[in-house]
Every structure is written in C-alpha cells, then in structure tokens.
Amino acid sequence: MNPLDHAEFRRQGHMVIDFLADYYQNINNYPVRSEVNPGYLVERLPDCAPLLPESIESILKDVDNDIIPGITHWQSPNFFAYFASSGSTASFLGEMLINGFNVIGFNWLSSPAATELEMVVMNWLSKLLQLPRSFSFSNDGDGGGVLLGTTCEAIICTLLAAKEKMLDKIGRTNSEKLVVYCSDQTHVGLQKAAKIVGIKPENVRKVLTTKSTNFKLTPESLNEVILRDVKAGLIPIYLCATVGTTSTTTVDPLAPLCELSSKYNMWVHVDAAYAGSACICPEFRHFLDGVEGASSFSFNAHKWLLTNLACCCLWVKDKSALTKPLSTNSEYLRNKATESGQVVDYKDWQITLTRRFQALKLWMVLRNYGVTGLRAFIRNHVKMAKNFEGLVTMDSRFEIVVPRYFSVVCFRVSPSSINEHHGKNYEANEFNHKLLESINATGLVYMTHSVVGGVYFIRFSVGATLTEDKHVQLAWELVQDQATSLLGTQTPKTASYSKLPEQMESML
C-alpha cells in the first residue's frame, strides 16, 4: 500500500472534485436545513472500522447516501441563517495546496514561507482595512497580525494578554479582582474565554443596551458600571466592543468607548467577526472610526471574504503583550533564527503549538479576486439585503425591528397585524416563532431568529456565495405565503423584486 501514490492521488482527486462540482450544481435539490433525526447516522454506519481497505467509489457512494442527508447546506444559495460561511474556488484550491504540502509552521524555521506569507497577507489586509500602522508589522513598530481559527481564539488570546499585563503591574494575588466588560449583545464567546482564562464568571459585566440606542453599548452606561466596580475595589482590565453584533449587526461607538477605557488602562478588543469584511469597502470603513484607540482587532475572513473555514484575522498593537503569556520554549525547538530575534515564531501567538499554512488560501483569494472583486461581492450582498428590506417595508403586515447596517434584515409580523386577525391576546413572539418554523419546514430556505429587548424576530442574513436576486425573491414570497396562511389573510400585492428600486423611489 502506498497512501501517496501520485497516479492514484490524481485519479481519486479528480473523482472528489467532480463529486463536489456536481454537489454545487445540484445544491438546490436538497432541503437547506437537514431533516434527519438525532442518532440517524449511528444507526446507518457499522459499529467498528473496516478491517480491509475500501474503494474511493464505495466511500463517495456512502457520502452521498448517508452523509449528505445529515448536512445543513451552508453553501446553498437559499441559506439565510446565522452568518454565512462563504467559500470560493480560490480558497478551496488554497486548502488543497495547504493539505498537499501539509506543513506545520509552528516557528519560522519549520517553514519560512508559511510564516512570511502570513506576515505579508496580514499587512495587506491591514492596509485594505485602513487600520492604524501600529497594528502592522514594521521595522519601527511593536504591532503585527496572526491568523487564528475563530474569534473565540482571538478573544481568549487577547484576554489572557490583558490579564497577564495587569497582574504584572498589580501582583498575582489580585487575580480575583479582575473584571471584564461587554454589552448584552456581545457574542457568548467572551463568556467562554473568561472561563478558560480564569476570570470569575460573576466578574464578567454584560452592560445593558436599549432600543433607543439601537442596542449599542454607550460609554455612559459602561462608565456607570465601571465606577461601581472601582468603588467596590475591583480592577477593570478588558472591554470587548463589537462592529456587527450577532443578533442585529449593530455597531458599538469605538472612539468614545476606547477613550473611556484608556482612563482605566483597560485593554480594548474590537470584535468585527462578521462586519469587518465589509469595511474593505470605503463606504463602510467609517464603522471602524476610533479603532486607533483599541489594543487589538479581529474579523473572520471565513464569514464574508470568500475564504473557507477557518480563518480569523487578529491584529495587536503590542505583540510582546500577546506572546509573553503564550510563549513556550524547549530544547528541541531551539534554533539560530529564533535566537537572532529577527523572525516571527507564530507558535507564541496562539493557544496551540501546531498550526496550518492558513495564509496560503487567503493569499490566493486576495490575488484571484482582487480588491475590486471582493468589494463587488460584498456590495452585491448588501444590495440584495436592502432590496429584501424594501419588500418587507412595502407589506404593511410586517415591520423592521432594528435598522439594517450591512446584509442582515431583522423583521417580524407586527403585533398590530397579529391582533387584527387573532385578537389582542395572541402573543407576537409566539406567532413569529411559528412563522419561522413554518418557513424552515418547507426545506426551501433556512433562516434563524434572535431576541433583543424582549422582541422575537427573524434574521434574514445574505452572505452565501451562490445567492442571487432570484433566491431573495423566492425567500420573500415564501415568507409572505406562510404569513398569509397563519394570519388567514390574502397576500397583498407588493413590489416586483426586479423593479423594486423604481417602485420604492415612486413611493418616496
């Protein structure tokens, strides 16, 4: 047996490429959300591994028959749930190269190209996002960027850096006094990170946001909570501000939050996991105004920048603050390049020692599509979301719950419409929950929900690579039909999707 026979590699590789090409070609034929029951695969597969080798033909047949039914199709053009996981040919081929070379770039010497390409790509992206020069690798600066797997990893690493930096100043006996801040809209990854890093759960402050500020974290409400903690003898160390919150994609005001945090010597991390990609477009860059006051910044290229999972981009102003608590040194890792201090060893920038050649796929995406192509991709999604929002507003039964910032529309059937047809005692949240379930049960589309300020709503998130105008139109017609069925009314005659901009303009 030769597991890397080049002829067999070529033959089987072509088969898998053909299999996936057929999958993408026929992806509309599958229900977007998997319809299997828990335990379905355990019942289908043998209870032990095969003793003898099996052919790739047999394995792919089982993928088709057993695995695909249990997949929720994130690459479907009718996937409008969560935040999409965008992919592309360039990124997929980059992954093939990564897996083909199969290098482990824990330090510079283990694969110089893996380290240096990552540094180059991170500087490219920093310039594209117009981040302050202090976040980039330079001869006269202390900053730099690293590719991690997810935002959760970025928050763990930066929170550990903030914790260790503060304890170096005030002494290790004060660790139980450390307090971390976020809003009630911040991703739950922060709470997990705090547990891992050793921050007491009761010392994670989720500052209340309100509809009056579109659920943004305000410096006034944050300062009120900080002052209370300081008065109680506690020590603020870390704030996580968000550009594009998970529920509503609202944007925290970075400049005043950073200014306030600086008074307390707090580390500010800006989480732009979803919306950071949009900020390569000049018209969205203003959402990052004030980032120069932050200590670190991250976004996920795998969400909206055509880069397959997993690819989180993290920049820090002070790389030594990050690497000091994460560094590991053993005799078997000693080498002249590291000891010269002239190279970056990325093992000291992350949780694990082992790391993949992630930069290769991101480099291929940036080169293959170029800045203009990536901007056009993002703008098209925003345009489709804007059109969907227009359709919602033209049907008097529905309402927009919060303003749209990027490509996510938060909407529901209005309480007044529900009361009109079901009576005043019918709960709006319950009705919209039933509406969402009926939409997803069709298998034609997949959307998810959230709750803010006690209001349940449906999130329509445009971000899948294959989504086109026709898929958005289909989704809206499905929403209308299901609402009509539940309300017991007729579907009103609304705008045609193709003529929507003209019709909205005439209404204005």
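Residues numbered from 1 in each chain as written. Predicted model: local features only at pLDDT ≥ 70, side-chain atom pairs only at ≥ 80, totals over all residues. Heavy atoms only, no water.

### Section: a nonpolar patch on the surface
On the surface, Ile17, Leu93 and Met96 cluster together into a nonpolar patch covering about 230 Å² of accessible area. Judged by its relative accessible area of 41%, Met96 falls in the partly exposed class. (Patch = residues over 30% accessible without salt bridge, like charges linked within 9 Å, V, L, I, M, F, W, Y side chains within 5 Å. Areas by Shrake-Rupley, 256 points an atom, 1.4 Å probe, with all protein chains shown as cover. Salt bridge = Lys/Arg side-chain N within 4 Å of Asp/Glu carboxyl O. Buried < 20%, exposed > 50% of the residue type's maximum accessible area, 1.4 Å probe, protein only.)

### Quick look at the confidence of the model for the chain
Counting all residues, the mean pLDDT for the chain is 94, and 96% of those residues have values of 70 or more. Counted against residues more than four places away or in other chains, residues 504-508, with its pLDDT under 50, gives three contacts. (pLDDT = per-residue confidence, 0-100. Contact = heavy atoms within 4.5 Å.)

### Digging into the side chain of Asn123
Within the secondary structure, Asn123 sits in helix 5 (residues 112-128). Taking relative accessible area as the criterion, Asn123 reaches 18% and is therefore assigned buried. (Helix = DSSP H or I, 4+ residues; strand = E, 2+ residues; numbered from the N terminus.)

### Observations concerning helix 4 (residues 89-101)
Residues that lie three or four places apart on an α-helix share one face, since the helix turns once every 3.6 residues. Between its terminal C-alpha atoms helix 4 stretches 18 Å, which fits the 18 Å expected from 13 residues at 1.5 Å a residue. The complete set of buried residues in helix 4 reads Ala90, Ser91, Gly94, Glu95 and Ile98. Down the axis of helix 4, the buried side of the element spans an arc of 140 degrees, and every buried residue falls inside it. In this structure, helix 4 carries Thr89 and Gly100 as exposed residues pointing more than 90 degrees from its buried face. Downstream of helix 4 by a residue or two, Asn102 has a phi angle that is positive, lying close to 50 degrees. (Expected span 1.5 Å × (residues − 1). Arc of directions from axis to C-beta.)

### Some thoughts on the nonpolar core
Within the largest apolar cluster, 72 residues are counted, with the highest numbers of intra-cluster contacts made by Leu125, Phe297, Phe299, Trp315 and Phe406. The greatest single-element share of this core, amounting to nine residues, is contributed by helix 13 (residues 359-393). In this structure, Phe297 is in contact with Leu129, Leu131, Phe135, His269, Val270, Ala272, Leu288, Val291, Cys313, Leu314 and Trp315, ignoring residues within four places of it in sequence. In this structure, Leu148, Ala193, Ala194 and Cys312 belong to the second largest nonpolar core, which totals 36 residues. (Core = buried A, V, L, I, M, F, W, Y, C linked by side-chain atoms within 4.5 Å.)

### Digging into the pattern of salt bridges
Following the criterion strictly, the structure yields 23 salt bridges and no others. Residue Arg11 pairs with Glu57 through a salt bridge whose shortest N-O separation is 2.9 Å. On the criterion of sequence distance, the pair formed by Arg11 in helix 1 (residues 6-25) and Glu57 in helix 3 (residues 56-67) is long-range, its members being 46 residues apart. Owing to a relative accessible area of 36%, Arg11 belongs among the partly exposed residues under this scheme. Taking relative accessible area as the criterion, Glu57 reaches 39% and is therefore assigned partly exposed. The partner of Glu331 in a salt bridge is Arg334, and the shortest N-O contact between them spans 3.5 Å.

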